[in-house]
Amino acid sequence: MISKFETLPNEILYDIFGYLSWDKILTLFWLLNKQINVLIYAIFSMEKYEISFSQLDLSYRKISSILLPLICNSLSLSSLIKNIHFDGRNSNCYSAIHEFLFYNSVKQSLRYPNLEALNITRCSLSQSLLQILSVLVQKQLNQLTLTFDEEIFESIRKPEEPGRIVSLERKSIMMLKQLIRQFFSNKCQLTSLRLDIADDNSPVNIHQCLVLSSHPVSNSISSRMQRCCLTLRHLYVCLKYTCFLEHLIEHIPNIERLSVTFKPRIDFGSRSKSSIEKLIKSHGNWFEKVPKLNYFTLKTFAKKDLEFAYLKWMLNNLNHIKKFNLHLQIYRMYSSSDILIREHVVDANFIRQYCLPDIIINLADFQFYIVSECQLLSSNIEQIKNSFQVHQFFNDHQWTNVTCFYDSLMSYQHLSSSNVKTLQFMNGLHFHASIFSWPHLQDISIDLHPSLYLLLEKFDEMYPNVSHIKVYTECYRDMDQSDLAVSLRVPFEIGQRKVTDIQLRNVTRLDLGFCQSPMIKSRNTPLDINKARAKIFAQLISMPIQLKYLLVEKIEWLYHIIQYASDELKQNALRSVRCADFGIPSCHYGCNESIHTGKNLMPFLTTHMPHLQTLHLWRPDDFPWTSIRPGIKPACFKYVNVSRWIESLQTSESIAEHTNVFEQDLSQLIERLKEFVFLDIHGKIDPGKLEAYRTMAATCFPQSRIEIGLTRFRLWM
């Protein structure tokens, strides 16, 4: 029997499929009838259509048991797939990349013969992944994006065994450097590469991997060609050290578009000031090295005159480009001895002198966004705008229409060549200029200012593209208890009648504080402050009409909302949440109430977030969130030697007991949350527990992907 759905016109079916992810299209509609199959073929064959493994509800079981067999049983379908995205934020899908891409463990038979683009973001440093990429960039891919989890290199720099790096990590670093050398050699056929290697401190030292050999043979023409990637046309790279860029230029002779981001700012590394000054005085030209480069983008911070001098030297080397896009943020308060930084207002004269080549040959398009820390009056703004009207260079090129506005709250001047809507700055708003994403603002930070409700009333109108609000909490402000109580009580009092009417239509993520494992500590806070905070947080949580992602620095803040401010919380406000980040205090250190905070996690989630799919927990120590430490009488707490309890944690009996508790925590989580897919725990365990936890997880969840280390536990169901 043919359903009404199957008789719908193709145009309507296209619209319906546009709202569905690729996995839902396949599982719901594949092989329904020939007409729909033809539509699915058409969608999957679109040039930019991407098979993404980043959806919150996409489980490993669904992929391995349903989607992969479905795709692989249809050669015509698998041959349509050209773009695949693996993201490590809400799964550890990158750990199974060989399974998703290849038919067997030999990694020679690719499931997708026409695969062209691979996007791998926030991944771990695995040798298997690096080996696969080495093969793919040489024989298969045209486009690659590669970024790493922000904690990966940090764990290498601060290993659990001080003074040395374990051999496995050392080998992984060597393989990564070798892969990067391959990217910029004749063993790579990529035409486009996006690479983030900005987290490049010792002992990683990625910036050293392109240092040219001084051996005479290496300077022959054939050897130079072997060190070059002749196919690479577009490169987007995030760096830390300037020397990497200087070496990189030698390896990309056919590059046409180059985007360079220095994070956190231009960094000269171990090179002395005199060596940089000597380099800057050299009159080099990169035209012979990158003659086809016509579009250059630079994003960076600067706070010293020497950094501006290097910027000028770099632009003089690239004075043959046709398009230049500059995003620059200037820190003045740190530059007491740097006259240029401290005394010059950023206007047309400043930009022409310090932000453009001395000799301009082909430049036809110049776009810029510059943020400068300074003190300005309203009259200064008009003078800055007029400076472009009267400057001959900008007049000749018709680059006189600029946007300039001043954030008096943060003391920042914003100057842009784009005719963007001038931002409105109101009390309660902390606008952190993002030179990396401007003008596409997606997140805003706010403080609990007394007139905050005025900002939130107009939020959708002022910031229609913002989907993420970050809230500064009391932990990040210097104030006494009385000021804190006022700060938490007053923000919505003035507009109390209007607060319940505020609806944020575009906001899908709300951060109440910040989550980092070392910061997750329990603090005794007066009851009146807990009640005031609970009330205002309940009101904030109730405002988004489609809240999907909630981050709460301390899980007890959520408990307080239910305990003290349930009347302020909109009914079912938390039921739409699909992804959550929570900080949970230690199960070993602290008072009795603090260490048992985690035991309320499951009752809370089951009642208020039953549709949760992804959970990130931030712990100062062990992975289990249920404590087994015996209670200590409050009057005796100061006199009890807790160190005895801590020492006992390393015994085999204690490890077995904690393993059982961890198993119970995991089992309850999976059993009670029927839609749950991924758990990510940041913490720190004793090396003696590593194998016990790994064995337990593998035994209890055999059809899952498990990744465990001393500071991270990841379970993808």
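Just so we're clear, the structure is a prediction, and the values are computed from it rather than from any experiment.

### Overview of the packing of helix H1 (residues 10–17) against helix H3 (residues 34–44)
Phase 1 of the analysis: Their axes nearest at 11 Å, the elements H1 and H3 cross at an angle of 55°. Judged by the inter-axis angle, H1 sits oblique to H3. Considering only the axes of H1 and H3, their crossing is right-handed. Between H1, through Asn10, Leu13, Tyr14 and Phe17, and H3, the contact on the second element is made entirely by Gln35, Ile36, Leu39, Ile40, Ala42 and Ile43.
Phase 2 of the analysis: Looking at the contact of H1 with H3, its residues break down into eight nonpolar, two polar and no charged.

### What to know about empty space enclosed by the protein
Phase 1 of the analysis: According to the stated counting rule, one finds four cavities of 30 Å³ or more in the structure shown.
Phase 2 of the analysis: In this structure, the largest cavity occupies an estimated 50 Å³ of space.
Phase 3 of the analysis: In this structure, the largest cavity is lined by Leu315, Leu318, Asn319, Ile321, Phe324, Pro357, Ile360 and Leu363.

### Details of the packing of aromatic side chains
Phase 1 of the analysis: Tallying each qualifying case throughout the model produces 34 aromatic pairs.
Phase 2 of the analysis: Where Phe301 meets Tyr331, the ring centres are 5.6 Å apart and the plane angle is 15°; that geometry is what we call stacked. Here Phe301, found in strand S8 (residues 295–302), pairs with Tyr331, found in the loop between strand S9 (323–330) and helix H14 (339–343); they are 30 residues apart in sequence, far enough to count as distant.
Phase 3 of the analysis: Given the relative accessible area of 12%, Phe301 is considered buried.
Phase 4 of the analysis: Tyr331 gets classed as partly exposed once you look at its relative accessible area, which sits at 23%.
Phase 5 of the analysis: An aromatic cluster is built from Phe296, Phe324, Phe366, Phe368, Phe388, Phe393, Phe394 and Trp399, whose rings are joined through pairwise contacts.
Phase 6 of the analysis: The ring of Tyr236 has Arg194 lying over it, and the distance from NZ or CZ to the ring centre is 3.8 Å.

### As for helix H25 (residues 601–608)
One turn of the α-helix equals 3.6 residues, which is why residues spaced by three or four share an orientation.
Phase 1 of the analysis: When H25 is considered as a whole, its buried residues turn out to be Leu601, Met602, Phe604 and Leu605. With its buried residues spanning 160° around the axis, H25 presents them on a single face.
Phase 2 of the analysis: The inward-facing, buried residues of H25 contact helix H23 (555–564), strand S18 (579–583), strand S19 (614–618) and helix H27 (652–672).

### Some remarks on helix H28 (residues 687–700)
Phase 1 of the analysis: Between its first and last C-alpha atoms H28 spans 21 Å; for 14 residues at 1.5 Å apiece the expected length is 20 Å, and the two agree.
Phase 2 of the analysis: Buried within H28 we find Lys689, Leu690, Tyr693, Met696 and Ala697. Considered in projection along H28, the buried side chains sweep an arc of 150° and stay on one side of the axis.
Phase 3 of the analysis: Lining the buried residues of H28 we find H27, strand S21 (705–708) and strand S22 (712–716).
Phase 4 of the analysis: Sitting at the head of H28, Asp686 places a side-chain oxygen 2.9 Å from the backbone nitrogen of Gly688.

### Quick look at the confidence of the model for the protein
Phase 1 of the analysis: In this model, the protein carries a mean pLDDT of 84, and residues with pLDDT of at least 70 account for 84%.
Phase 2 of the analysis: When pLDDT is averaged over each element of the protein, strand S5 (residues 192–196) comes out on top at 97 and helix H20 (residues 481–489) at the bottom at 58.
Phase 3 of the analysis: Per-residue pLDDT stays below 50 along residues 161–165; that stretch engages in five contacts with residues further than four places along the chain or on separate chains.

### Regarding the sheet that holds S5
Phase 1 of the analysis: Taken together, 12 strands build an open sheet; the order of strands is S1-S2-S3-S4-S5-S6-S7-S8-S9-S10-S12-S11 and the sheet is mixed. In this open sheet, the two strands that pair with only one neighbour each are strand S1 (50–52) and strand S11 (403–407). Going from strand to strand, the sheet's axes swing by 10° on average, the running direction of each strand aside.
Phase 2 of the analysis: One ladder, built from eight bridges, connects S8 with S9; its direction is parallel. Across the sheet, Leu298 pairs through a bridge with Leu326, a residue of S9.
Phase 3 of the analysis: The strands that helix H13 (residues 305–317) touches are strand S7 (257–267), S8 and S9; relative to S8, the one it contacts most, it runs at about 175°.

How each quantity is defined
Residues numbered from 1 in each chain as written. Predicted model: local features only at pLDDT ≥ 70, side-chain atom pairs only at ≥ 80, totals over all residues. Heavy atoms only, no water. Axes fitted to C-alpha atoms, helices over the stretch in contact; angles between N-to-C directions. Helix = DSSP H or I, 4+ residues; strand = E, 2+ residues; numbered from the N terminus. Parallel < 35°, antiparallel > 145°, perpendicular 65-115°, else oblique. Left-handed = near helix turned anticlockwise from the far one by under 90°. Contact = heavy atoms within 4.5 Å. Nonpolar A, V, L, I, M, F, W, Y, C, P; charged D, E, K, R; others polar. 1 Å grid on protein atoms, 1.4 Å probe; cavity = no way out; pocket = protein on both sides within 12 Å on 5 of 7 lines; lining within 4 Å. Points joined across faces, edges and corners; volume = space filled by probe spheres on them. Phe/Tyr/Trp six-rings, centres within 6.5 Å; stacked < 30°, edge-to-face > 60°. Buried < 20%, exposed > 50% of the residue type's maximum accessible area, 1.4 Å probe, protein only. Lys NZ or Arg CZ within 6 Å of the ring centre and 35° of its normal. Arc of directions from axis to C-beta. Expected span 1.5 Å × (residues − 1). Polar contact = N/O pair within 3.5 Å; in protein donor to acceptor, adjacent residues only side chain to side chain. pLDDT = per-residue confidence, 0-100. Pairing = 2+ DSSP bridges.

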